[in-house]
Amino acid sequence: HTLFAKEVTFINKNMPIVDKIEFIPGLKSLELDNNNIREIRSNAFALNKDLTILSIRNNKENEMKLENSTFFGLEKLHELHLENSLLVSLKSDQFTGLKTLNLMNLEGCGISFIEVNAFRGLTNLTELYISFNQIETFFSETFLGLGNMKIIEFYGNPIRTVETNAFKGLTKLTQLDLSYNQIETILSGTFFGLDNLDKLALYANPIKKLEADAFTG
């Protein structure tokens, strides 16, 4: 008996390891919230290539390990929700294969470090939400290659340093929220290249110094 479903919800099942989700014809939306997931293995979703929405929220009992090829094969995915699942760090090429992704939510994931090229390949990403984490530094060229990004929200982190060229390549960005952080100095060229920025939120930061040309660009 073959299951046909557009939406499948699999929550509160205490499923520590996600190995490979079986093929479900017509599946568009999959919800794996509140499962105490510790590990999602390579190609876990590859059999369901028509997925457009994937939710893996509220898995905070243990650090949730993701492989670089965890999301491989999801070439139609538009939304990835990982809110309140414990990730700690984002590694290089963490989201390989998500070429059509438009929205990623990483709020409350305990992320303290983002490696260079963590977002590489997400060329169609337009919205990134990564508030309420433990990030202290944004390094140069963190978002390089995300030329279609329009909205980034990073409020409620302990961010102290935003390096020059941290936002390099985000030429279409319209909204950037860095409020409720610990930023004391805005370096020269911090926002260089943000030609289409309409909204910049920096309130509730202990800003003490604005370098020359801090807002140039």
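Reference entry: report on the structure contained in this document. Chains are numbered independently. Their residues run from 1 in the order of the written sequence. The predicted nature of this model means local features are confined to residues of pLDDT at least 70 and side-chain atom pairs, given and counted, to a pLDDT of 80 or more, with totals for whole chains, interfaces and linings taken over all residues. Each side-chain value is worked out from all heavy atoms of the structure, with water and hydrogens disregarded.

1. A few points about the overall build of the protein chain
Per the secondary structure count, the protein chain includes zero helices and 18 strands. Using C-alpha atoms as the atom set, the radius of gyration is obtained and then compared with a globule rule of 2.2 Å times the number of residues to the power 0.38. Rg of the C-alpha trace for the protein chain: 18 Å, near the compact-globule value of 17 Å for 217 residues, within the 12% margin. The dimensions of the protein chain, computed from C-alpha atoms along their principal axes, are 70 × 30 × 25 Å. Contacts: residue pairs with any heavy atoms within 4.5 Å of one another. Summarising the internal contacts of the protein chain: among those between residues at least 6 apart in sequence, 57% fall at separations of at least 24. Put simply, DSSP H or I for four residues or longer makes a helix, DSSP E for two residues or longer makes a strand, and each gets a number counted from the N terminus.

2. Re the pattern of salt bridges
When a carboxyl oxygen of Asp or Glu lies within 4 Å of a side-chain nitrogen of Lys or Arg, that pair is called a salt bridge. Tallied over the entire structure, the rule returns seven salt bridges. Here aspartate 50 makes a salt bridge to lysine 76, at a shortest N to O gap of 2.8 Å. Of the two residues, aspartate 50 sits in the loop between β4 (39-40) and β5 (53-55) while lysine 76 sits in the loop between β6 (65-66) and β7 (79-81), which places them 26 residues apart along the sequence. Since its relative accessible area comes to 31%, aspartate 50 is described here as partly exposed. Lysine 76 gets classed as partly exposed once you look at its relative accessible area, which sits at 42%. For the exposure calls, accessible area comes from a 1.4 Å probe over protein chains only, and a residue counts as buried if that area is under 20% of its type's maximum, exposed if over 50%, partly exposed in between.

3. A word on the sheet that holds β7
Hydrogen bonds between backbone atoms are what pair the strands of a sheet, whose relative direction is either parallel or antiparallel. If DSSP finds at least two bridges between two strands, the strands pair. Taken in spatial order, the nine strands make up an open sheet running β1-β3-β5-β7-β9-β11-β13-β15-β17, and their pairing is parallel. Looking along the sheet, the strands with just one partner apiece sit at the ends: β1 (7-9) and β17 (199-201). Across the sheet, the mean angle from the axis of one strand to that of its neighbour is 0°, orientation sign disregarded. Relative to strand β3 (residues 29-31), β1 runs parallel, the two being bridged by three bridges. By the bridge assignment, threonine 9 is partnered in β3 with glutamate 31. Lines fitted to C-alpha atoms define the axes here, with helix axes fitted over just the stretch in contact, and angles between the N-to-C directions of these axes take values from 0 to 180 degrees.

4. Observations concerning the sheet that holds β4
Pairing in this open sheet of three strands is parallel, and the strands run β2-β4-β6 from one edge to the other. The strands lining the two open edges of the sheet, one partner per strand, are β2 (17-18) and β6. One ladder, built from two bridges, connects β2 with β4; its direction is parallel. Paired with isoleucine 17 across the two strands is glutamate 39, which belongs to β4.

5. Considerations on the environment of glycine 156
Its place among the elements puts glycine 156 in the loop between β13 (151-153) and β14 (161-162). Taking relative accessible area as the criterion, glycine 156 reaches 24% and is therefore assigned partly exposed. Separated by 26 residues in the primary sequence, glycine 156 and isoleucine 130 have C-alpha atoms spaced 9.2 Å apart.

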